[in-house]
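Below, each chain spelled out in residue letters.
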Amino acid sequence: MKKEIAVHELRYSNTNTYLIEGSRGMILFDTGWAGTFRAFCSAMGKMDIPVQKIDFILISHFHPDHMGIAQEIADKGPEIVVMDVQKDYVHAADSVFAKENNDAFISIDDDKVRYVRIEDSREFLGTIGIDGEIISTPGHSDDSISMWLDSGELFVGDLNPLYELELHKGTQIEKSWNRLLELKPRIVYYGHAKNVDLNSEVPSIKVTDLHKLVARIMKYIDKGVSLDRIQRKTGADETFIEDVTRMYLTHSNIDVQGILDRIEIKGR
């Protein structure tokens, strides 16, 4: 009898990362910001899983908070896997860490990266006993990918949450989600927002509910609540919270509808 897929959620940083355990190996989906390696090891230790037991590291997109400790982890044994659609973006965040003089950051070693064609992803995942595929899902960034498991789990990184779809009509974000929803996912794992069980939760919210969400965020801003705490309290996407905060703080006397009208959707 084939072993069921196990998903371990690692919450050691501001980015949700996931360890997916197949019947013949493990793959880590995303990592945290540079400087979180010790916290990552601690999280692994609490699960009593050695870092060396991880076979592969897959990055949803190469922004600093998703790939910051990838090479540190890889130096312990796991192999970084880069899909062919991501090849030109591997070092996109290097300059960010250089500007902030982050001595903890170790750039990805190109000579040790394993490149996989997106059309060969099912075969690749099969090597560790995972039935599924890796899908190009641009929208948040051009190099964004999602990982779909045939058992119904969907890992989307920073692809804007389903409850924001009303804001993204006609955009690449909507196109990527439409492709994923055709697979009829059971549960969605986000990079920053709360996971969603689509069998029990409504995947999107009405415009009126978006008004309530923005109004709630505005109240938290007035109280001086940090962005991290707002994200935890509302479950809203980090980028959406940042957009609301920016609009609220830079436009005097702006109301909820004014914020929604000004949020930059195109090209996000």
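This one's a predicted model, so the numbers in the text were calculated from it and none came from an experiment.

## Here we look at the overall build of the protein chain
Part 1 of the argument: A tally of helices and strands in the protein chain yields 10 helices and 11 strands.
Part 2 of the argument: By principal-axis analysis of the C-alpha atoms, the protein chain measures approximately 55 × 45 × 35 Å.
Part 3 of the argument: Looking at the protein chain as a whole, 54% of its 268 residues are labelled buried.
Part 4 of the argument: Expressed as a percentage of contacts within the protein chain between residues at least 6 apart in sequence, the contacts between residues at least 24 apart total 63%.
Part 5 of the argument: On the protein chain, roughly 12800 Å² of surface is accessible, and the fraction owed to carbon and sulfur atoms is 47%.
Part 6 of the argument: Computing the positive centroid from 32 side-chain charges and the negative centroid from 44, the protein chain places the two 6 Å apart.

## Things to note about the confidence of the model for the protein chain
Part 1 of the argument: Per-chain confidence: the protein chain averages 89 in pLDDT, with 94% of residues scoring 70 or above.
Part 2 of the argument: A low-confidence stretch, residues 264–268 stays under pLDDT 50, and its non-local contacts, those more than four residues away or across chains, total 16 contacts.

## Focus on the layout of surface pockets
Part 1 of the argument: Here the largest pocket defines a volume of roughly 350 Å³.
Part 2 of the argument: Lining the largest pocket we find 15 residues, and of these Asn 14, His 192, Asp 228, Gln 231 and Arg 232 sit closest to its centre.
Part 3 of the argument: Among the secondary structure elements, those contributing two or more residues to the lining of the largest pocket are α8 (227–234) and α9 (238–250).
Part 4 of the argument: The dominant element in the lining of the largest pocket, judged by the number of residues it contributes, is α8, at 4 residues.
Part 5 of the argument: Its residues placed into classes, the lining of the largest pocket shows 3 nonpolar, 6 polar and 6 charged.

## Overview of the sheet that holds strand β4 (residues 56–58)
Part 1 of the argument: What the 6 strands build is an open sheet, ordered β1-β2-β3-β4-β5-β6; its pairing is mixed. The open sheet has two edge strands, β1 (6–10) and β6 (114–116), and neither has a second partner. Neighbour-to-neighbour, the strand axes of this sheet turn through a mean angle of 25°, independent of strand direction.
Part 2 of the argument: Here β1 pairs with strand β2 (residues 17–21) via 5 bridges, running antiparallel.

## Focus: the nonpolar core
Part 1 of the argument: In this structure, Val 156, Trp 177, Val 188, Tyr 190, Val 214, Ile 217 and Phe 240 are the most contacted members of the largest nonpolar core, which totals 35 residues.
Part 2 of the argument: Residue contributions to this core peak at 7 residues, all from helix α7 (residues 207–222).
Part 3 of the argument: Among residues more than four places away in sequence, those in contact with Val 214 are Phe 240, Val 244, Val 256, Ile 259 and Leu 260.

## Some points on unusual backbone geometry
Residues apart from glycine generally show negative phi values, whereas peptide bonds are mostly found in trans.
Part 1 of the argument: Here Asp 30, not a glycine, exhibits a phi torsion of approximately 75°, which is positive.
Part 2 of the argument: The residue Asp 30 is located in the loop between β3 (26–29) and α1 (37–46) in this model.
Part 3 of the argument: Overall, Asp 30 belongs to the buried group, its relative accessible area being 0%.
Part 4 of the argument: Positive phi values are uncommon outside glycine, yet Asn 101 reaches one of about 55°.
Part 5 of the argument: Tracing the backbone through its elements, the reader meets Asn 101 in the loop between α4 (94–99) and β6.

Definitions and limits used
- Residues numbered from 1 in each chain as written.
- Predicted model: local features only at pLDDT ≥ 70, side-chain atom pairs only at ≥ 80, totals over all residues.
- Heavy atoms only, no water.
- Helix = DSSP H or I, 4+ residues; strand = E, 2+ residues; numbered from the N terminus.
- Buried < 20%, exposed > 50% of the residue type's maximum accessible area, 1.4 Å probe, protein only.
- Contact = heavy atoms within 4.5 Å.
- Areas by Shrake-Rupley, 256 points an atom, 1.4 Å probe, with all protein chains shown as cover.
- Lys, Arg positive; Asp, Glu negative; His and termini not counted.
- Charge placed at Lys NZ, Arg CZ, Asp CG, Glu CD.
- pLDDT = per-residue confidence, 0-100.
- 1 Å grid on protein atoms, 1.4 Å probe; cavity = no way out; pocket = protein on both sides within 12 Å on 5 of 7 lines; lining within 4 Å.
- Points joined across faces, edges and corners; volume = space filled by probe spheres on them.
- Nonpolar A, V, L, I, M, F, W, Y, C, P; charged D, E, K, R; others polar.
- Pairing = 2+ DSSP bridges.
- Axes fitted to C-alpha atoms, helices over the stretch in contact; angles between N-to-C directions.
- Core = buried A, V, L, I, M, F, W, Y, C linked by side-chain atoms within 4.5 Å.

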